[in-house]
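Per-entry structural report
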Amino acid sequence: MRILIVDDEPAMHDSYRRSFAPAAGDGGALGAMAAELFGDDTTEATADDTIAFDLTHALQGLDGVAAVEAALKAGDPYAVAFIDVRMPPGIDGKETATRIRKLDPNINLVIVTGYSDFSPIEIAKAAGPADKIFYIAKPFEVAEVTQMATALAHRWRGDRELAEARETLAAQVVQLQEQGHELAANESRAIHMANHDSLTEAPNRLAFRRALTERAQHPGQFAVAMVDLDRFKLVNDTLGHLAGDELIRTICDILQTSIPAGGLVARLGGDEFGLLFDTPGAEAAEMECQRILKACTGTFKVLGNSVQGGASFGLIVTEPGESRDPTDLMRRADLALNDAKREGRGVVRLFDEGMDENIRLRRAIEGGLSQAIAKGELSLVYQPIVAREELEVVGFEALLRWNTNEHGPISPAVFIPIAEETNLIHELGDWVLAESLKVLGEWPGQYVSVNFSPRQFRRHNFVARLVETVQRAGIDPRRVQIEITETAIFDDADRAADTLYKLRQMGFRIALDDFGTGYSSLYNIRKFALDCLKIDRSFIDGMGRERESAAIVHSIIHLGHALGLGVIAEGVETDAQLQALRVAGCSHMQGYFFSRPVAQDHAREIAQRRYMLDPVVEPVMDEAIEPGNGTHG
């Protein structure tokens, strides 16, 4: 530990040398001095940590100031400086202390004098702070000097360690703040990417469907229009894709400028756009679309080329008492668009019932669905859920199938929305749960994952009925996973949070299905008792083609890790997807790459085999039926 002695008398320097010469047996005295100055905890440290002092001697104040400056430049500062007050003919001790303090704010100064030239208050004002200035009167005792030096050296070292700790902590705080800002920015970018088209920055299909869902919950008439560019393929084929992209951006700008106030324009994919706006009726909506169509028709300059632009419109306007199901509205608008294109393009077609032959089929389905259970037309198939590392089968998702005697197999995407609208969903849901519980006795420990629609989840006695069914079947709730969509829980977040908490307390597993396609945010997700997130198959399918999809998949996986949740990737169909998901850290996967949904007997074989060593790709039912993405899908 370095100590500076500033005194104009050589004899005093000799006294300092003798004072700091090594001597045995003074540990107790030094410890007592340190304890008196800085607390009892110092005594033990002093006894066990003898300090070796390195003395520097200066005969004048300016020499002392120069020594301090040199020590600081060398990175080896002094811990303590003993300064005489009177040092003629140079600067006095007060001035010396003042200059040294300006150079080194951390050094401890000891004023040594036999006179009262300056009061302690005067010196403290000039060379403070007061807690770093100490005083010894001449003549001094050896023990007095050594004890003072030892105690102040310990303090100086402690002050340096504290300052370093504070600097480290401050740097860590800054780093955490930067990481927080980066996470917030990443979340914002991910949300934006998930809801906007990368080419036009317009809302995408997911955002359009969400806006349509929200608008359908409020009164008043509104219009949904599907817009398709005419002869767009010709532009791509003759001028190239860059020109096609530029034309899409141009038309998107025109649509956004022309849409009625408060309306929404979304790019749904390719050269197709969706429009949503309020209207007093069908006639007014058709006039608005005619006006927008006129703005989109004409000659446009695209990358220096003249391009003839045009579009076709399919329009549906909500009527009082009619269904406001978003899927149905978009489907009807699409039917009207197809009719417009068949008529020769460049026209607006308003939907009418004659365009939709499926309306009659829908009514037939609605009538037959109520008898499906009694007729034995329903069945369940099971798709394995495998763990990331060894492809161990840890569970199966139960999927509902309906094979009618009259119309043959009917896709769940068709009959589940009808069941939801007619309240038949409760009867179907109860049947699915009871049947799926029966197979658990055939499996050596896997769980069954059962989807519940938003209407089922909002049932007032949902938890009680679920618990009663599981207890009656004699099943451990930990072997039952409840799959719900974001729509189901965010419609009434507080009630949903309470319901999920009760289910988790009873041992049920909770999975949030189709994650990334709904209303999620970090704030909302952390409110709910969840076990895992299921990444929607559309993102997995787009991983190899779209940078946005890959970014969303990685963001969801990282979010799951941060929240301590498992992540299940749905729709895994290729080895490349499997390996990419493994590298990203996805904990579980399911999809055609491992197995199509299989019948009960085949599921039992897979469960008993436990590991998906060889992917099961053979179908067990009509390939025309889409397996869907849920218990009913």
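Everything that follows concerns the structure shown earlier in this document.
All of the points below concern the structure found in this document. (Residues numbered from 1 in each chain as written. Predicted model: local features only at pLDDT ≥ 70, side-chain atom pairs only at ≥ 80, totals over all residues. Heavy atoms only, no water.)

Check the secondary structure of the protein and you find 24 helices and 21 strands. Intrachain contacts of the protein at a sequence separation of at least 6 include 70% that bridge at least 24 residues. With the model as given, the accessible surface of the protein reaches about 30000 Å², and the carbon-plus-sulfur share is 52%. (Helix = DSSP H or I, 4+ residues; strand = E, 2+ residues; numbered from the N terminus. Contact = heavy atoms within 4.5 Å. Areas by Shrake-Rupley, 256 points an atom, 1.4 Å probe, with all protein chains shown as cover.)

With that settled, the discussion passes to the nonpolar core. Counting residues in hydrophobic clusters, the biggest one holds 84 residues, and the most contacted among them are Leu-500 and Leu-581. Broken down by element, this core gets its largest block of residues, seven residues, from helix H15 (residues 424-438). Beyond its immediate stretch of four places on either side in the chain, Leu-500 contacts Phe-457, Ile-484, Ile-489, Ile-510, Phe-528, Ala-529 and Leu-530. Among the nonpolar cores identified, the runner-up in size contains 33 residues, and Leu-199, Ile-248, Leu-255 and Cys-289 belong to it. (Core = buried A, V, L, I, M, F, W, Y, C linked by side-chain atoms within 4.5 Å. Buried < 20%, exposed > 50% of the residue type's maximum accessible area, 1.4 Å probe, protein only.)

This part takes up unusual backbone geometry. In the segment running from Pro-88 into Pro-89, the intervening peptide bond is cis, with an omega of 10 degrees. Tracing the sequence through the fold places Pro-89 in the loop between strand E3 (80-84) and helix H5 (93-103). The phi dihedral of Glu-201 falls on the positive side, at around 65 degrees, and the residue is not glycine. Of note, Glu-201 is situated in the loop between helix H7 (142-195) and helix H8 (205-216).

Turning next to the sheet that holds strand E5 (residues 133-137). The strand order E2-E1-E3-E4-E5 describes an open sheet built from five strands, whose pairing is parallel. A single partner strand is all that each edge strand has here, and the edge strands are strand E2 (54-58) and E5. With strand direction ignored, the average angle separating the axes of adjacent strands in the sheet is 20 degrees. Two elements, strand E4 (residues 108-113) and E5, share five bridges in a ladder whose sense is parallel. Following the sheet pairing, Thr-113 is matched in E5 by Ala-137. On the sheet, helix H1 (residues 10-19) packs against strand E1 (2-6), E2, E3 and E4 and is oriented at approximately 175 degrees with respect to E2. With respect to the sheet, H7 is in contact with E1, E3, E4 and E5, its orientation differing from that of E5 by roughly 170 degrees. (Pairing = 2+ DSSP bridges. Axes fitted to C-alpha atoms, helices over the stretch in contact; angles between N-to-C directions.)

Now for the packing of aromatic side chains. The full count for this structure, using the stated rule, is nine aromatic pairs. Where Phe-396 meets Trp-443, the ring centres are 4.5 Å apart and the plane angle is 35 degrees; that geometry is what we call tilted. In this pair, Phe-396 is assigned in strand E14 (residues 393-404) and Trp-443 in the loop between H15 and strand E16 (447-451), connecting sequence segments 47 residues apart. The pair Phe-396 / Trp-443 is uniform in exposure class, with both members buried. Taken together, the ring pairs in this structure connect Tyr-16, Phe-20, Phe-53 and Phe-82 into an aromatic cluster. Between the NZ or CZ atom of Arg-509 and the centre of the ring of Tyr-447, over which it lies, the distance is 4.0 Å. (Phe/Tyr/Trp six-rings, centres within 6.5 Å; stacked < 30°, edge-to-face > 60°. Lys NZ or Arg CZ within 6 Å of the ring centre and 35° of its normal.)

A separate point is the side chain of Thr-485. Inspection of the secondary structure puts Thr-485 in strand E17 (residues 480-485). The class for Thr-485 is buried, based on a relative accessible area of 19%. In contact with Thr-485, other than residues within four places in its own chain, are Pro-454, Leu-512, Asp-513 and Asp-514.

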